[in-house]
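What follows is the residue order along each chain.
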Amino acid sequence: MASLALIASLVVLATIFVGPLTYILARLKFPSAIIYIMSIFCLVNGIWFIMIGLPVWYLGLIPIYFGYISIVKANENEKQKML
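Residues numbered from 1 in each chain as written. Predicted model: local features only at pLDDT ≥ 70, side-chain atom pairs only at ≥ 80, totals over all residues. Heavy atoms only, no water.

A.B. asks: Help me out: how do you make sense of the environment of asparagine 45 in this one?
C.D. replies: Within the secondary structure layout, asparagine 45 lies in helix 2 (residues 32-50). With 30 residues separating them along the chain, asparagine 45 and threonine 15 place their C-alpha atoms 6.5 Å apart. When residues no more than four places from it in sequence are discounted, the contact partners of asparagine 45 are Ala14, Thr15 and Val18. (Helix = DSSP H or I, 4+ residues; strand = E, 2+ residues; numbered from the N terminus. Contact = heavy atoms within 4.5 Å.)

A.B. asks: Explain the packing of helix 2 against helix 3 (residues 61-82) to me, please; I cannot follow it from the model alone.
C.D. replies: Packed helices, taken two at a time, are described by the angle between their axes plus the distance between the axes. At a minimum axis separation of 7 Å, helix 2 and helix 3 run at an interaxial angle of 160 degrees. When the interaxial angle is binned, helix 2 and helix 3 end up roughly antiparallel. Crossing geometry of helix 2 relative to helix 3 is assigned as left-handed. In this structure, helix 2 uses Ser32, Ile35, Tyr36, Ser39, Cys42, Leu43, Gly46, Ile47 and Ile50 to contact helix 3, whose residues at the interface are Leu61, Pro63, Ile64, Gly67, Tyr68, Ser70, Ile71, Ala74, Asn75 and Glu78. A breakdown of the residues in the contact of helix 2 with helix 3 according to their chemical character gives 12 nonpolar, 6 polar and 1 charged. (Axes fitted to C-alpha atoms, helices over the stretch in contact; angles between N-to-C directions. Parallel < 35°, antiparallel > 145°, perpendicular 65-115°, else oblique. Left-handed = near helix turned anticlockwise from the far one by under 90°. Nonpolar A, V, L, I, M, F, W, Y, C, P; charged D, E, K, R; others polar.)

A.B. asks: Hey, could you run me through the packing of aromatic side chains in this one?
C.D. replies: Each aromatic ring pair is summarised here by two numbers: the centre-to-centre distance and the angle between the ring planes. Taken as a whole and judged by the stated rule, the model has 4 aromatic pairs. Taken together, a centroid distance of 6.1 Å and an interplanar angle of 50 degrees make the contact between tyrosine 23 and phenylalanine 66 tilted. Placement of tyrosine 23 in helix 1 (residues 2-27) and of phenylalanine 66 in helix 3 is noted, with a sequence separation of 43 residues between them. With relative accessibility at 21%, the residue phenylalanine 66 sits in the partly exposed group. Seen from their ring centres, tyrosine 65 and phenylalanine 66 are 5.7 Å apart, and the 65 degrees between their planes marks the pair as edge-to-face. Following the ring pairs from residue to residue traces out a cluster consisting of Tyr23, Tyr65 and Phe66. (Phe/Tyr/Trp six-rings, centres within 6.5 Å; stacked < 30°, edge-to-face > 60°. Buried < 20%, exposed > 50% of the residue type's maximum accessible area, 1.4 Å probe, protein only.)

Rendered as structure tokens:
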């Protein structure tokens, strides 16, 4: 049972921290392709977490929000490169 609790905690922590990690990479001006792929993963991961049906569904909003602002930041970085 302890290993099940450990796996469950790793899933929850990965769901929560993938969004901020993506945003940090976007702020560090990583290539846009990497940011887009990770942002899509954030969005899918957040939607999946919301659909679980547990009373903590709102934790799925964290990666969705960070995925969105990471895409916006990647677009801003691309516009700055064009100038």
